[in-house]
Amino acid sequence: SINKFSVGALAGFRPDYSNYGFNSKLPEYGGYLSFKSGTPGCYTESSLAIMEQMNNTKTDRRFLYFQHSNTLLKNLFFISTFEVDLYKLKNDTLNTHQNTFNPTSLYLSLRYRVTKKLSVSGSFDAGKNVIYYETYKTFLDRILESNMRQCYRLQADYRITGNLMFGLQSGYQFLKSDLRQSRNLYGYLTYSQIPILNITATLTGTYLESGYMTGKIYGANIIRDFFNGKFQTGIGYRNVNYRYPENLQTVMQNIAEMNIYWQFSRLMSCSVNYEGTFEKQDKYNMVYLQIRRRF
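In what follows, the accompanying structure is described. (Residues numbered from 1 in each chain as written. Predicted model: local features only at pLDDT ≥ 70, side-chain atom pairs only at ≥ 80, totals over all residues. Heavy atoms only, no water.)

## With respect to the packing of aromatic side chains
Turning to step 1, where the next piece is worked out: Applying the stated criterion across every chain, the model contains twelve aromatic pairs.
Turning to step 2, where the next piece is worked out: Residues Tyr87 and Tyr133 carry aromatic rings whose centres are separated by 5.9 Å and whose planes lie at 75° to one another, so their mutual orientation is edge-to-face. Of this pair, Tyr87 sits in strand S5 (residues 76-91) while Tyr133 sits in the loop between strand S7 (118-127) and helix H1 (140-144), and the two are 46 residues apart along the sequence.
Turning to step 3, where the next piece is worked out: For Tyr87, a relative accessible area of 7% gives the class buried.
Turning to step 4, where the next piece is worked out: Residue classification places Tyr133 among the buried positions, given a relative accessible area of 18%.
Turning to step 5, where the next piece is worked out: Ring geometry for Tyr212 versus Tyr244: centroids 6.5 Å apart, planes at 15°, classification stacked. One end of the pair, Tyr212, is in the loop between strand S11 (199-209) and strand S12 (214-226); the other, Tyr244, is in strand S13 (residues 231-244), with 32 residues separating them in the sequence. (Phe/Tyr/Trp six-rings, centres within 6.5 Å; stacked < 30°, edge-to-face > 60°. Helix = DSSP H or I, 4+ residues; strand = E, 2+ residues; numbered from the N terminus. Buried < 20%, exposed > 50% of the residue type's maximum accessible area, 1.4 Å probe, protein only.)

In structure tokens, the structure reads:
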């Protein structure tokens, strides 16, 4: 960081696209530049990044990513991001390519704090399938779908008391080729730092429908901090009920989650996340382990 500017770089490997395992043939690297300024109650922040993703020694995808946020007016907050592809393969046989400027995603959001207890927000989200020219050679269906999917969302959050929060969110999503647009409604109720137990509990409910299915999801989770946030545990449960009208098939799932986070030194922390999905005939288990070192 230099005054109001920051610069950074990153390098690593993408997960294998067939089994999500480690694949040293999928390297990626990039860098970014950011700018931040402001005063209490008024700020602006922007960043620009470029990424190169490869498959063996050939370019798989090259893209630009920009994000910006600021306070337009008092209590009015704006966030925007967009992503642009910079690389296109013209002829696979001749291995010729060209530079391009092809937008692949756009996100705009406005949030207004009406009162200390009530805030409302709206957002627009548009995106389309990105193409990894080397990886997707055998996945033609992912390349053929190039239309932009658009989504609108409205959300309201109300603080009933100091520790009790309630919120509603509705969404509308569509693609020109869809027979029926997708809609969803989501609600939550959160009670922070319940007395004596010192836990935070959240209840959620979701209803969604699309051109090929309808579904309901109910969930609950609790989180507790220990040692001033250095150790955190959480458990959760979701009941999922999907119905597919075309074949009258119903899928019911019970999903359990467990999370542990431990900051065991000033610069190091680790976390373990487990998710188990239980259906009538099948069971799926996933464990995710992360170790982080700060410098």
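## Thoughts on the side chain of Glu83
Turning to step 1, where the next piece is worked out: Along the chain, the position of Glu83 falls in strand S5.
Turning to step 2, where the next piece is worked out: Residue classification places Glu83 among the buried residues on the basis of a relative accessible area of 15%.
Turning to step 3, where the next piece is worked out: One polar contact links Glu83 to Arg61, side chain to side chain, over a distance of 2.6 Å. (Polar contact = N/O pair within 3.5 Å; in protein donor to acceptor, adjacent residues only side chain to side chain.)

## Points about a nonpolar patch on the surface
Turning to step 1, where the next piece is worked out: Taken together, the side chains of Tyr158, Ile160, Phe166, Leu168, Leu185, Leu189, Leu203 and Tyr207 present a nonpolar region at the surface, about 700 Å² in accessible area.
Turning to step 2, where the next piece is worked out: Broken down by secondary-structure element, the contributors of at least two residues to the nonpolar patch are strand S9 (164-174), strand S10 (182-194) and S11.
Turning to step 3, where the next piece is worked out: Position of Phe166 among the secondary structure elements: in strand S9.
Turning to step 4, where the next piece is worked out: Residue Phe166 is classed as partly exposed on the basis of its relative accessible area of 35%. (Patch = residues over 30% accessible without salt bridge, like charges linked within 9 Å, V, L, I, M, F, W, Y side chains within 5 Å. Areas by Shrake-Rupley, 256 points an atom, 1.4 Å probe, with all protein chains shown as cover. Salt bridge = Lys/Arg side-chain N within 4 Å of Asp/Glu carboxyl O.)

## Concerning a positive patch on the surface
Turning to step 1, where the next piece is worked out: On the surface, a cluster of positive charge is contributed by Lys74, Arg111, Arg113 and Lys116.
Turning to step 2, where the next piece is worked out: Its place among the elements puts Arg111 in strand S6 (residues 96-113). (Lys, Arg positive; Asp, Glu negative; His and termini not counted. Charge placed at Lys NZ, Arg CZ, Asp CG, Glu CD.)

## With respect to the environment of Ile222
Turning to step 1, where the next piece is worked out: Its location among the elements puts Ile222 in strand S12.
Turning to step 2, where the next piece is worked out: On the basis of relative accessible area, Ile222 is assigned to the partly exposed category, the value being 34%.
Turning to step 3, where the next piece is worked out: Residues Ile222 and Ile235, spaced 13 residues apart in sequence, show a C-alpha to C-alpha distance of 5.7 Å.
Turning to step 4, where the next piece is worked out: Contact partners of Ile222, with chain neighbours within four places excluded, come to Ile199, Thr200, Ala201, Thr233, Gly234 and Ile235. (Contact = heavy atoms within 4.5 Å.)

## Comments concerning the nonpolar core
One recurring pattern in soluble globular proteins is that nonpolar side chains are buried together.
Turning to step 1, where the next piece is worked out: In terms of nonpolar packing, the biggest core is built from five residues, these being Leu208, Met213, Ile217, Val240 and Ile255.
Turning to step 2, where the next piece is worked out: For Ile217, the residues in contact, after removing those within four places along its chain, are Thr204, Gly205, Thr206, Leu208, Arg238, Asn239, Val240 and Tyr242. (Core = buried A, V, L, I, M, F, W, Y, C linked by side-chain atoms within 4.5 Å.)

## Observations regarding the pairing of S11
Each regular strand displays side chains that alternate between the two surfaces of the sheet.
Turning to step 1, where the next piece is worked out: Two strands pair when backbone bridges link them, and S10 and S11 are joined in this way by ten bridges, in the antiparallel orientation. Residue pairing in the sheet places Leu185 in a bridge with Tyr207 of S11.
Turning to step 2, where the next piece is worked out: Counted along the chain from S10 to the antiparallel partner S11, the turn is four residues long, and its residue Ile196 has a positive phi close to 70°.
Turning to step 3, where the next piece is worked out: With eleven bridges joining them, S11 and S12 adopt antiparallel strand pairing. Bridging from a neighbouring strand, Ala201 pairs with Ile222 of S12.
Turning to step 4, where the next piece is worked out: Remark: four residues form the turn of the hairpin made by S11 and S12, two consecutive strands paired antiparallel. (Pairing = 2+ DSSP bridges.)

## Things to note about unusual backbone geometry
Turning to step 1, where the next piece is worked out: In this model, Asn3 sits at a positive phi of 55°, which is unusual for a non-glycine residue.
Turning to step 2, where the next piece is worked out: Mapped onto the secondary structure, Asn3 falls in the segment before strand S1 (5-13).
Turning to step 3, where the next piece is worked out: Despite not being glycine, Phe227 shows a phi value in the positive range, around 55°.
Turning to step 4, where the next piece is worked out: If you trace the backbone, Phe227 turns up in the loop between S12 and S13.

## Some remarks on the environment of Asn198
Turning to step 1, where the next piece is worked out: With respect to the helices and strands, the residue Asn198 is situated in the loop between S10 and S11.
Turning to step 2, where the next piece is worked out: Asn198 sits 28 residues away from Phe226 along the chain, and the two C-alpha atoms are 9.5 Å apart.
Turning to step 3, where the next piece is worked out: Not counting residues up to four positions away in its chain, the partners in contact with Asn198 are Gln193 and Arg224.

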